[in-house]
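# Reading the structure
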Amino acid sequence: MTGSRVVALGHYQPAKVLTNDDLAAMVDTSDEWITSRVGIRTRHVGGPDEPVDELAAHAAAKALAAAGLQASEIDLVLVATSTAIDRSPSMSARVAARLGMGSPAVMDINVVCSGFTHALATADHAIRAGAATRALVIGADKMGDIADWTDRSTCVLVGDGAGAAVVVAEPEDSGTPGIGPVLWGSVPEMGNAVRIEGTPPRFAQEGQSVYRWATTQLPPIARSVCEKAGIAPEDLAAVVLHQANLRIIEPVARKIGAVNAIIARDVVDSGNTSAASIPMALSKLVERGEIESGAPVLLFGFGGNLSYAGQVIRCP
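One structure accompanies this document, and this report is about it. Given the structure is predicted, the values throughout are model-derived calculations rather than measurements.

### Here's the deal with the overall build of the protein
Within the protein, the secondary structure is distributed over 10 helices and 14 strands. For 316 residues, the compact-globule estimate of 2.2 N^0.38 gives 20 Å, and the protein sits close to it at 18 Å. Looking at the protein as a whole, 58% of its 316 residues are labelled buried. On the protein, roughly 12400 Å² of surface is accessible, and the fraction owed to carbon and sulfur atoms is 49%.

### Digging into the pairing of strand β5 (residues 105–109)
The sheet contact formed by strand β4 (residues 76–80) and β5 spans five bridges and is parallel. Bridged to alanine 80 within β5 is isoleucine 109. Between the parallel pair β4 and β5, the chain is carried across by helix α4 (residues 91–98), and the sense of this crossover is right-handed.

### What to know about the packing of helix α7 (residues 207–229) against helix α8 (residues 246–256)
Between α7 and α8, whose axes approach to 9 Å, the crossing angle comes to 30°. As α7 runs across α8, the sense of the crossing is right-handed. The segment α7 lies against α8, with Tyr211, Ala214, Thr215, Pro219, Ala222 and Arg223 engaging Arg247, Ile248, Pro251, Val252, Lys255 and Ile256. Here the residues of the contact of α7 with α8 sort into eight nonpolar, one polar and three charged.

### Let's talk about the nonpolar core
Formed by 50 residues in total, the largest nonpolar core has its most connected members in Leu236, Leu241, Leu298, Phe300 and Phe302. Listed by contribution, the elements that provide at least two residues to this core are α2 (31–37), α7, β11 (238–241), α8, α9 (267–270), β13 (296–303) and β14 (307–314). Top element by residues in this core is α7. It accounts for eight residues. Ignoring sequence-local partners within four residues, the contact set of leucine 236 consists of Cys226, Ile231, Ala258, Asn260, Ala261, Pro296, Val297, Leu298 and Val312.

### Structural notes on the sheet that holds β13
Backbone hydrogen bonds are what pair the strands of a sheet, in a parallel or an antiparallel way. A sheet is described by the order of its strands in space; here five strands give the open sequence β8-β14-β13-β11-β12, paired in mixed fashion. Every interior strand has two partners, whereas the edge strands, β8 (183–186) and β12 (262–263), have only one. In terms of strand pairing, β13 meets β14 through eight bridges, oriented antiparallel. The partner of valine 297 across the bridge, within β14, is isoleucine 313. Set on the sheet, α7 makes contact with β8, β13 and β14; between it and β13 the angle comes to about 145°. Packed on one face of the sheet, α8 meets β11, β12 and β13 and runs near 135° to β11.

### Examining the sheet that holds strand β1 (residues 2–12)
Strand order in the open sheet made by the five strands is β1-β7-β6-β4-β5, with mixed pairing throughout. Strand pairing shows two members of the sheet lacking a second neighbour, β1 and β5, which therefore form its edges. Direction aside, the axes of adjacent strands within the sheet are offset by 20° on average. By the bridge criterion, 10 bridges tie β1 to strand β7 (residues 160–171) in an arrangement that is antiparallel. Bridging from a neighbouring strand, tyrosine 12 pairs with alanine 162 of β7. Most of the contacts of helix α3 (residues 52–67) go to β1, to which it runs at about 120°, and overall it touches β1, β6 (134–142) and β7.

### Focus: the packing of α3 against α4
The N-to-C vectors of α3 and α4 enclose an angle of 55°; their axes lie 9 Å apart at closest approach. Here α4 runs oblique to α3, going by the angle between their axes. By crossing handedness, the relation of α3 to α4 is classed as right-handed. Note on element contacts: α4 touches α3 through Met91, Arg94, Val95 and Arg98, opposite Val52, Asp53, Glu54, Ala56 and Ala57. Grouping the amino acids of the contact of α3 with α4 by side-chain chemistry returns five nonpolar, no polar and four charged.

Procedures and definitions
Residues numbered from 1 in each chain as written. Predicted model: local features only at pLDDT ≥ 70, side-chain atom pairs only at ≥ 80, totals over all residues. Heavy atoms only, no water. Helix = DSSP H or I, 4+ residues; strand = E, 2+ residues; numbered from the N terminus. Rg over C-alpha atoms; globule rule 2.2 N^0.38 Å. Buried < 20%, exposed > 50% of the residue type's maximum accessible area, 1.4 Å probe, protein only. Areas by Shrake-Rupley, 256 points an atom, 1.4 Å probe, with all protein chains shown as cover. Pairing = 2+ DSSP bridges. Right-handed = clockwise from strand over helix to strand, strands pointing away. Axes fitted to C-alpha atoms, helices over the stretch in contact; angles between N-to-C directions. Left-handed = near helix turned anticlockwise from the far one by under 90°. Contact = heavy atoms within 4.5 Å. Nonpolar A, V, L, I, M, F, W, Y, C, P; charged D, E, K, R; others polar. Core = buried A, V, L, I, M, F, W, Y, C linked by side-chain atoms within 4.5 Å. Parallel < 35°, antiparallel > 145°, perpendicular 65-115°, else oblique.

Here it is in structure tokens:
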């Protein structure tokens, strides 16, 4: 039997930084109001000349370099995004073209904020089924393009960026699985709580409904992810939740029971970058040397569609 593991990560953010004080000059808000409610201080925002596939390609190139692989060695490209305006070519096809790949399978996955963990599970399944050997899994979103910059309840949340992981096949008998089994699902009847709708598309949400769902319903699901992986929450080295809101991340992490884990808080500096948030936050933790190679890390995405997906991986 064949399993898979993450061997390298990379991330990228646009150079322009938007502070809370910058936002206070645009809408009726303040640094104190934003930090007290969502914990965000800054976010990166790309310009019109920085499309989603460019952000994705930059993050992917860094992950490939860290893995010591050439783009031509990748046979599957998955891009998780909900901000791709064009239907075709897909973001994954455009990334493959930018990186000069050979003939990989290319697929976009739109599960909004839990897109990356869905895509990572899909890559793991493809490798286990023998349909791929080396996959590039990317989360990339330009939330700034779909933000209503006159709505202070949502525009303060969002940022742009991309994160990427290189996933390769490994023998199942090599020890602890590099990528554990996924636990995924959704609450379809509450799907309208997070929306990207209209022409042009705009992001909107029912903040209180999302907050209650995340803080009450998700912790036991996340604990079940650990159980499926055979890991006790207290043995986790790190927890990387979707970086939606610090006031969601901290109580959910506490209720999971990961008392010895590093908790990713990249939302403070990057805002909510949707599908990019988990790989970007994890890449930064690894780059700073905060997690040992081989240590167990819980990845857990949640949000749009009120969908969720999580797995325990071994840190590259």
